[in-house]
Amino acid sequence: MRKTIAELVAVLCDEHDVEVRGGRLHREDGLIPKLRESMRASMGMTHGGHSLAHERSTLNLAAFTLYEHVTFTAGLMLGQVLVAGDDPVDRRDPEGSLRRWLEEWTLAVHRGETNDAQEALARRRLSDLAARIDQVLAPTRVAEILGACPNPGCGERYWPTDTQGSRTSALYAVLVPGEPVQARCHWCDTQWTGEAELEQLNTAINRQEKTA
Ligand SMILES: [Zn+2]
């Protein structure tokens, strides 16, 4: 369903529910705070592995450039609805700019001062910001891990991807730049996070393959 302008601003700025696999709802922070957090995280933290260093620096550059764009766009939108004499707003604060913009926009809608073209432009700008942040935050790479899930009671090896018999490995690795590598099972949702746990998973798979 198409989001309202207020919902788009909320997705960008505030905590909100996101539907995840299986239709469950997951509480997530706003996209702009998440983007800022990813910049902070990628600056000083190490995850015990050098393999992610390149991913981190790539993410870093993309995140910083995008953050500037978001701040600029939010300030631009706000500038278009403010009139002389309004309280000044810190335009380096994108959430502040967008929240204030939404207040002014909502008032203008109630006064009948907006038109369809303006609404379409605002919606396009907000959707575009959300889509770009999503892209930078989740250039997630997924790789299959061969072998059966070692979780007792699961033991699945494959996961069907359609009803025609296509399948992928039950176990898969998720690599999100700036975060520890993680392995998961499609069937039982068991997670192995970080290199040490992945090593344990690897050992468990190898042990199973030998006894199989
Ligand atoms: Zn499993």
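That block above? That's the structure.
Summarised in this report is the structure supplied together with it.

Backbone geometry at D189 places phi at a positive 65 degrees, although glycine is not the residue there. Within the element layout of this structure, D189 appears in the loop between β7 (182-185) and β8 (191-193). Among the residues examined, D189 registers 11 C-beta atoms within 10 Å and is labelled exposed.

If you look at the biggest cluster of nonpolar residues, it comprises 24 residues, and the most contacted ones within it are V9, L12, I32, L35, L98, W101 and I133. Those elements giving two or more residues to this core turn out to be α1 (5-13), α2 (31-44), α3 (53-81), α4 (94-110) and α5 (116-137). Sequence-distant contacts of L98, defined by excluding residues within four places in its chain, comprise V9, L12, C13 and A74. Among the nonpolar cores identified, the runner-up in size contains 7 residues, and A170, L171, A183 and L201 belong to it.

With that settled, the discussion passes to the pairing of β7. Residues A183 and C185 point to one face of β7 and are all buried, whereas Q182 and R184, pointing to the other face, are not buried. Direction of pairing for strand β6 (residues 171-175) relative to β7: antiparallel, over a ladder of 4 bridges. Opposite Y172, over in β7, you have R184 as the bridge partner. One ladder, built from 3 bridges, connects β7 with β8; its direction is antiparallel. The partner of Q182 across the bridge, within β8, is T193.

Calculation rules
- Residues numbered from 1 in each chain as written.
- Predicted model: local features only at pLDDT ≥ 70, side-chain atom pairs only at ≥ 80, totals over all residues.
- Helix = DSSP H or I, 4+ residues; strand = E, 2+ residues; numbered from the N terminus.
- Buried ≥ 20, exposed ≤ 12 C-beta atoms within 10 Å, placed from the backbone.
- Core = buried A, V, L, I, M, F, W, Y, C linked by C-beta atoms within 7 Å.
- Contact = placed C-beta atoms within 7 Å.
- Pairing = 2+ DSSP bridges.

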